[in-house]
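Coordinate inspection notes
Chain by chain, the residues:
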Amino acid sequence: MHRRLPIVVAAALCALGTAAVARGDASSEWWLHAIDADTAAAPGPGVPIVVVDGAVDATQPVFNGRANTTFLDPQALAGPDDYHATAVASLAAAGGGGFAGVYPQAVLELWDAGRGVDGIDARSAAEGIALAARQCPAVINLSFGGTEPNPQVQGAILNAVRAGCLVVAAAGNGGLDGDPQTYPAAYPHVLTVGATDEQGAPLPFSSSGAWVDLSAPGTNMSAAVPLSHDSTGISSGLAGTSFAAPLVSAAAAWIWTARPTLTASQVAAVLRESARPVGSQRFDTKTGYGVMDVAAALALPAPPADPSEPNDDVVQVKPGQLFSNGQPPLTTAAKPSTRIEGTLLQAEDLRDLYRIWVPAHRVVRVSVAADGNAAVKIWGPRTYTVDEPPALRKRDFRGPSITGGAVGRYAYAEVALTGRSLSATYVLSVTAARP
């Protein structure tokens, strides 16, 4: 039996009730105004939202007959209290039945990862993420988590990122319970969402950490639920980062549909950079870069692209390891010198590693322009990780240059944040010359 991950749903913090919610009623769907999603018209169907969660009730009026809705596997409700996935999906993209999500016209795809009393099945969740990754671009919503990392889920996420998808995860609800690190939210390359109240203040239960990217409303929420859970089909008083994450996923799909030339990393950057900061700091561990603002994100100029992700370590760039063909080398025998622009972000993307070709009888030197926010170094061809123990580091670390031997060989150029820098946009230069 595989390990199961508990769903992040703040049951102890929820006061479930019933309320008939009318589409566009600002008093009942206050979060639409809070994220500035009610000042522009959402586009027609485009980039899919893929909800990997428990079972969604296909008979719920907001989904029954909804256009552009695909159930990717059989949906097996565990009982009257199995409402979580239906609520999550409705907040993202419900488009009828008396309730509207953030992006009602979205392409919506739903994967039941086996919710029951034990939570989400890790292997099934990984399968759902992998299926979504076959059709990138897409936005994958993960409103579940646990305090132990899971290699299957992490591997599926990295494959999805490499394929060009954006992965969004709920930060977790452990803020009042010791605030443990939560996965998949804490994995690099995941856009992690904390929860705020009606005034935009962080909610005490919302988990915090350097890996939180931004925040969205997550309390006093109403959502569509299975009729077996509530005969009206709507429950109110929902709370948890589970319900903040789909607001961000829907906004990401909306923005990506409206701005199709953006990459996944650019969509994430647009959401972070356009968020409204909470307090005087540009970043804090509870709300990240602030509360999501859809209108501001639609208008923000495109940030620099971040190519070749994920490329954090040797296992992600060397052929035959995590990815069968690895990442294409930055330089080759035919082109031994080049320049590339990239970005780094604390906790999300601390470093970029590039394979470089070192020609025979040549010296390859690296330099980086990043206003002091990033530094570059070279690792030798036998490096298996940039986090090697001291003895191997002494063998493999080469500093800013490396000399070729009698035959050409590959090495690695690492660009990493310096000091307390939160982020960096850099230009890496690789130059091959005679000794």
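Below you will find a few notes about this structure. (Residues numbered from 1 in each chain as written. Predicted model: local features only at pLDDT ≥ 70, side-chain atom pairs only at ≥ 80, totals over all residues. Heavy atoms only, no water.)

Considering unusual backbone geometry
What counts is decided by this rule: Put simply, DSSP H or I for four residues or longer makes a helix, DSSP E for two residues or longer makes a strand, and each gets a number counted from the N terminus.
The residue after Cys-136, namely Pro-137, is reached through a cis peptide bond having omega 10°. Topologically, Pro-137 is positioned in the loop between helix H3 (122–133) and strand E9 (139–142). The peptide bond linking Tyr-183 to Pro-184 adopts the cis configuration, its omega dihedral lying at 15°. Position of Pro-184 among the secondary structure elements: in the loop between strand E10 (166–170) and strand E11 (191–196). One non-glycine residue, Asn-220, lies in the positive phi region at around 50°. Of note, the phi angle at Ser-308 is positive, near 70°, even though the residue is not glycine.

Some remarks on the sheet that holds strand E15 (residues 338–345)
Threshold: When DSSP finds at least two bridges between two strands, those strands are taken to pair. Axes here mean lines fitted to C-alpha atoms, for a helix over just the part in contact, with angles spanning 0 to 180 degrees between N-to-C directions.
Read across the open sheet, the 4 strands follow the order E15-E22-E17-E20; overall the sheet is antiparallel. Across the chains shown, the open sheet's two edge strands, defined by having one partner strand only, are E15 and strand E20 (401–403). Neighbouring strand axes in the sheet, compared pairwise and without regard to direction, differ in orientation by 20° on average. Of the strand pairs in this sheet, strand E17 (residues 363–369) and E20 are connected by 3 bridges, and their pairing is antiparallel. Each residue of the ladder has a partner; that of Val-363, found in E20, is Thr-403.

Considerations on empty space enclosed by the protein
For clarity, the cut-off: Grid points spaced at 1 Å and placed over the protein atoms alone form the basis of the search, with a cavity being a set where a 1.4 Å probe fits but cannot get out and a pocket an open set showing protein on both sides within 12 Å along at least five of seven lines. Lining residues have an atom within 4 Å of a point. Grid points are joined across faces, edges and corners, and a volume is the space filled by probe spheres set on the points. Residues are sorted three ways: Asp, Glu, Lys and Arg are charged, Ala, Val, Leu, Ile, Met, Phe, Trp, Tyr, Cys and Pro are nonpolar, and all the rest, Gly among them, are polar.
Applying the stated criterion across every chain, the model contains 1 cavity of 30 Å³ or more. Quantified by volume, the largest cavity comes out at close to 50 Å³. Around the largest cavity, the lining residues are Ala-210, Trp-211, Val-212, Asp-213, Phe-283, Tyr-289, Leu-345, Gln-346, Ala-347, Glu-348 and Leu-422. Here the lining of the largest cavity is built from residues that sort into 8 nonpolar, 1 polar and 2 charged.

Some points on the state of the cysteines
Quick note on the threshold: Cysteine sulfur atoms that pair up within 2.5 Å are treated as a disulfide.
For the structure on display, the rule yields 1 disulfide. Sulfur-sulfur distance for the disulfide between Cys-136 and Cys-165 comes to 2.0 Å. In this structure, the disulfide formed by Cys-136 and Cys-165 twists by about -110° around the S-S bond and is classed as left-handed. Here Cys-165 lies in the loop between helix H4 (151–163) and E10 and Cys-136 lies in the loop between H3 and E9, a separation of 29 residues in the sequence.

Remarks on the side chain of Asn-173
The criterion, for reference: Definition of a polar contact: a pair of N or O atoms within 3.5 Å, with one able to donate and the other able to accept a hydrogen when the atoms are protein atoms, and with sequence-neighbouring residues admitted only if both atoms are side-chain atoms.
Among the structural elements, Asn-173 can be located in the loop between E10 and E11. A distance of 3.0 Å separates a polar atom in the side chain of Asn-173 from the backbone nitrogen of Thr-241.

Description of the pattern of salt bridges
The following threshold applies: By salt bridge we mean one thing: a side-chain nitrogen of Lys or Arg within 4 Å of a carboxyl oxygen of Asp or Glu.
Applying the stated criterion across every chain yields a total of 5 salt bridges. The partner of Asp-293 in a salt bridge is Arg-276, and the shortest N-O contact between them spans 2.9 Å. Here Arg-276 lies in the loop between helix H6 (264–274) and helix H7 (294–299) and Asp-293 lies in the loop between H6 and H7, a separation of 17 residues in the sequence. Arg-351 is the partner of Asp-387 in a salt bridge, and the nearest nitrogen-oxygen pair spans 3.0 Å. Remark: Arg-351 occurs in strand E16 (residues 351–358) and Asp-387 occurs in the loop between strand E18 (374–379) and helix H9 (390–396); sequence separation between them is 36 residues.

Quick notes on H3
Along an α-helix, residues three or four apart share an orientation, since each turn contains 3.6 residues. Convention followed: The length a helix should cover is 1.5 Å for every residue beyond the first. Each residue gets one of three labels from its accessible area relative to the maximum for its type: buried under 20%, exposed over 50%, partly exposed in between, using a 1.4 Å probe on protein chains only.
For H3, built from 12 residues, the straight-helix expectation of 16 Å at 1.5 Å per residue is met to within 8% by its first-to-last C-alpha distance of 16 Å. Listed in full, the buried residues belonging to H3 are Ala-122, Ser-124, Ala-125, Ala-126, Gly-128, Ile-129, Ala-132 and Ala-133. One side-chain oxygen of the residue at the start of H3 lies 3.2 Å from the amide nitrogen of Arg-123, identifying that residue as Asp-121.

Focus on the packing of H3 against H4
What counts here: Note on terminology: angles under 35 degrees are roughly parallel, angles over 145 are roughly antiparallel, angles of 65 to 115 are roughly perpendicular, and the others are oblique. Any two residues whose heavy atoms approach within 4.5 Å at even a single point are treated as in contact.
The contact between H3 and H4 brings their axes to 8 Å, and the two run at 5°. Comparing the axis directions of H3 and H4 gives the class roughly parallel. Contacts between H3 and H4 involve Ala-122, Arg-123, Ala-125, Ala-126, Ile-129 and Ala-133 from the former and Gln-152, Val-153, Ala-156, Ile-157, Ala-160 and Ala-163 from the latter. Considering only residue class, the contact of H3 with H4 consists of 10 nonpolar, 1 polar and 1 charged.

Some remarks on the sheet that holds E10
Spatially, the 7 strands line up as an open sheet ordered E4-E7-E3-E9-E10-E11-E12, and their pairing is parallel. In this open sheet, the two edge strands, each paired with only one partner strand, are strand E4 (69–71) and strand E12 (214–217). Neighbour-to-neighbour, the strand axes of this sheet turn through a mean angle of 25°, independent of strand direction. When E10 meets E11, the two strands line up parallel, connected through 3 bridges. Residue Ala-170 lies in a different strand from E11, and its bridge partner there is Val-193. Across the sheet, H3 touches strand E3 (49–53), strand E7 (108–112) and E9, and the angle it forms with E7 is around 155°.

Some remarks on the environment of Val-52
Inspection of the secondary structure assignment puts Val-52 in strand E3. As a C-alpha pair, Val-52 and Tyr-354 span 302 residues in sequence and 32 Å in three-dimensional space. Setting aside residues no more than four positions away along its own chain, Val-52 makes contact with Trp-111, Ala-113, Ala-125, Gly-128, Ile-129, Ile-140, Asn-141, Leu-142, Ser-143 and Phe-144.

Details of the pairing of E10
Put simply, the rule reads: Here is how to tell: hold the view so the strands point away, follow the path from the first strand over the helix to the second, and if it runs clockwise the crossover is right-handed.
Burial runs high along E10: 5 of the 5 residues are buried. On E10, burial covers both faces: Leu-166, Val-168 and Ala-170 on one face and Val-167 and Ala-169 on the other are all buried. Bridging between E9 and E10 involves 4 bridges; their strand directions are parallel. When the bridges of E10 are listed, Ile-140 appears paired with Val-167. The parallel pair E9 and E10 is bridged by H4, and the resulting crossover is right-handed.

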